[in-house]
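Take a look at the letters that make up each chain.
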Amino acid sequence: MTAVACHNLEFGRTMLDFLACGCTSNASFDRFPVRSYAKGAVRNVNRGYKPRKLVCFQPEIGPQTKTPEALLTAVTADTPQVLDLKKELRSPASLTNLFEVVAEDLQTLNKNLQSIVGAENPVLMSAAEQIFGAGGKRMRPALVFLVSRATAEIVGLKELTKEHRRLAEIIEMIHTASLIHDDVLDESDMRRGKETLHQLYGTRVAVLAGDFMFAQSSWYLANLENLEVIKLISQVIKDFASGEIKQASSLFDCDVQLEEYLIKSYYKTASLISASTKGASIFSGVNSYISEQMYQYGKNFGLSFQIVDDILDFTQSAEQLGKPAGSDLANGNLTAPVIFALKKEARLRDIIESEFCDTGSLEEAIEIVKRCGGIHRAQDLAREKANLAVQNLQCLPLNSFRIALEELVKYNLERIK
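The structure contained in this document is the topic of the report that follows. (Residues numbered from 1 in each chain as written. Predicted model: local features only at pLDDT ≥ 70, side-chain atom pairs only at ≥ 80, totals over all residues. Heavy atoms only, no water.)

**Description of the packing of helix α6 (residues 162-186) against helix α8 (residues 203-222)**
Convention followed: Axes here mean lines fitted to C-alpha atoms, for a helix over just the part in contact, with angles spanning 0 to 180 degrees between N-to-C directions. Numbering of helices and strands runs from the N terminus, with a helix taken as a DSSP run of H or I at least four residues long and a strand as a DSSP run of E at least two residues long. Any angle that falls under 35 degrees is termed roughly parallel, while one over 145 is termed roughly antiparallel, one within 65 to 115 roughly perpendicular, and all others oblique. Helix crossings fall into two classes, left-handed where the near helix is turned counterclockwise from the far one by less than a right angle and right-handed where it is turned clockwise. Two residues qualify as a contact provided that any one of their heavy atoms is within 4.5 Å of a heavy atom in the partner residue. In the scheme used here, Gly and all other residues not listed as nonpolar or charged are polar, with Ala, Val, Leu, Ile, Met, Phe, Trp, Tyr, Cys and Pro taken as nonpolar and Asp, Glu, Lys and Arg as charged.
Between α6 and α8, the shortest axis-to-axis distance is 9 Å and the interhelical angle comes to 155°. When the axis of α6 is compared with that of α8, the two are roughly antiparallel. Crossing angle aside, the handedness with which α6 passes α8 is left-handed. Between α6, through Arg166, Ile170, Met173, Ile174, Thr176, Ala177, Ser178, Ile180, His181 and Val184, and α8, the contact on the second element is made entirely by Thr203, Ala206, Val207, Gly210, Asp211, Met213, Phe214, Gln216, Ser217, Tyr220 and Leu221. Partitioned by chemical class, the residues of the contact of α6 with α8 number 12 nonpolar, seven polar and two charged.

**Brief notes about the nonpolar core**
Soluble globular proteins tend to pack their nonpolar side chains together in the buried interior. Here is the rule we go by: We define a nonpolar core as any set of buried Ala, Val, Leu, Ile, Met, Phe, Trp, Tyr and Cys residues linked to one another through side-chain atoms lying within 4.5 Å. For every residue, the accessible area obtained with a 1.4 Å probe (protein chains only) is divided by the maximum for its type, and the residue is called buried under 20%, exposed over 50%, and partly exposed between those limits.
Formed by 101 residues in total, the largest nonpolar core has its most connected members in Phe99, Phe301, Leu329, Ile352 and Leu408. Tallying contributions element by element places helix α11 (residues 288-315) first for this core, with 11 residues. Sequence-distant contacts of Leu329, defined by excluding residues within four places in its chain, comprise Phe252, Asp313, Phe314, Leu334, Val338, Ile352, Phe356, Leu362, Ala365 and Ile366. Membership of the second largest hydrophobic core comes to six residues, among which are Tyr266, Ala270, Tyr295 and Leu303.

**Quick word on the pattern of salt bridges**
Heads up, the condition is: Whenever Lys or Arg places a side-chain nitrogen within 4 Å of a carboxyl oxygen from Asp or Glu, that contact is recorded as a salt bridge.
Within the structure shown, the criterion is met by 17 salt bridges. Residue Glu244 is joined to Lys268 by a salt bridge in which the shortest nitrogen-to-oxygen separation is 2.9 Å. Taken together, the positions of Glu244 in helix α9 (residues 227-248) and Lys268 in helix α10 (residues 258-284) put the pair 24 residues apart, joining distant regions of the chain. A salt bridge links Arg349 to Asp255, with the nearest nitrogen and oxygen atoms 2.9 Å apart. Placement of Arg349 in helix α15 (residues 346-353) and of Asp255 in the loop between α9 and α10 is noted, with a sequence separation of 94 residues between them. According to the relative accessible area criterion, Arg349 is partly exposed, its value standing at 28%. Asp255 sits in the partly exposed class, given a relative accessible area of 48%. Among the charged side chains, a salt-bridge network with shared partners connects Asp105, Arg149, Glu159 and Arg165.

**Details of the packing of aromatic side chains**
Basically, it comes down to this: For Phe, Tyr and Trp, where Trp contributes only its six-membered ring, two rings pair if their centres lie within 6.5 Å, and the inter-plane angle classes them as stacked under 30 degrees, edge-to-face over 60, or tilted in between. We call a charge positioned over a ring when the NZ of a Lys or the CZ of an Arg lies within 6 Å of the ring centre and within 35 degrees of the ring normal.
Per the counting criterion, the structure on display carries six aromatic pairs. An aromatic cluster is built from Tyr297, Phe301 and Phe305, whose rings are joined through pairwise contacts. One Lys or Arg, Lys278, reaches over the ring of Tyr295 and ends 5.9 Å from the middle of that ring. The ring of Phe305 has Arg415 sitting right over it, with the charged end atom 4.5 Å from the ring centre.

**Points about the packing of α11 against helix α18 (residues 400-414)**
Look at α11 against α18: their axes get within 9 Å of each other, and the N-to-C directions meet at 20°. By the angle between their directions, the pair α11 and α18 is classed as roughly parallel. As for how α11 packs across α18, the hand of that crossing is left-handed. Residues Tyr297, Phe301, Ser304, Phe305 and Val308 of α11 form the contact with α18, whose participating residues are Leu405, Leu408, Val409, Asn412 and Leu413. Here the contact of α11 with α18 is composed, by residue class, of eight nonpolar, two polar and no charged.

Have a look at this one:
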């Protein structure tokens, strides 16, 4: 294992610690819980399956006297590679197939979203139709439903609660609001192959629509009356702002480090996903160890997902992306492939720091990233996080919901094959 100095960065609520984990990325970060872990066995009460007792997968953890570094080492050192990257998915790779086990839950969510967002104002109703009719994947609410059903079986819940369903709606509203604001800040003309909201209605309406959606989701969140979940999801909105500030303050900065990129990726993407998965488990009533593992699953999957998205910005066409290819780099947002490539090619720094003032310089920069292994190194980092995410699922009973959560991780990686 390569030794790396540990940087402790205080962000108000948590410590993000960086430690080498023996992979090609040489960096990863984790959040450490303060709570004690519950012990004991869990019983699986399957919906429609033959009941059976399960051995608890929870490791024995003694009194909380270990340092965060020691706890991280216990989790990551010499851990088996549980994700079989060579094995094909059980069915053709599509989110529709993966989410089939929660298809009815997603149909109910789709019916509710537009009325929840736009009922009070005709302009917002029109905006909501544009937003939610743009062909979104609904991945985040699907994660809420998958984790909800997987963890509900552990405690014997036969059906999801109204809190589970409301959480899924809140998560999708927050995600959509963040996309609206992202498009305004990035001056993006296209989203999912369609004109962005600010292109259709103007920047003022778009910003207000995003603000309203954040406010509406916060109101519904408060009415869930669960302080732990309220704190969890409220932090996400703060993280979005922190991520945007970090990104805006580091544009065209060729000295940006991989650790900084991972923190920004957590704020912008993984924070919401990890809050989704942990919040779902909290409403199921499972113990704190399982809910923490669901948080870690969401964090690791979210980071892997963002890294893959950043790779696709270099490898897919504008038609496939639904936005101009290479747009992150053109805007000065340096992602994992670029950060790795900068360590190999000095010419890339010169091009980026000139902010692509010369004709053809953006295309040259993209070619350098591809040629000197930046994409390959980023793929290794995405696989590292994906493997950790699958390890986090080992505390769940082996059923169709856990299988879908595992295969979602693999589906994400198959986007960069």
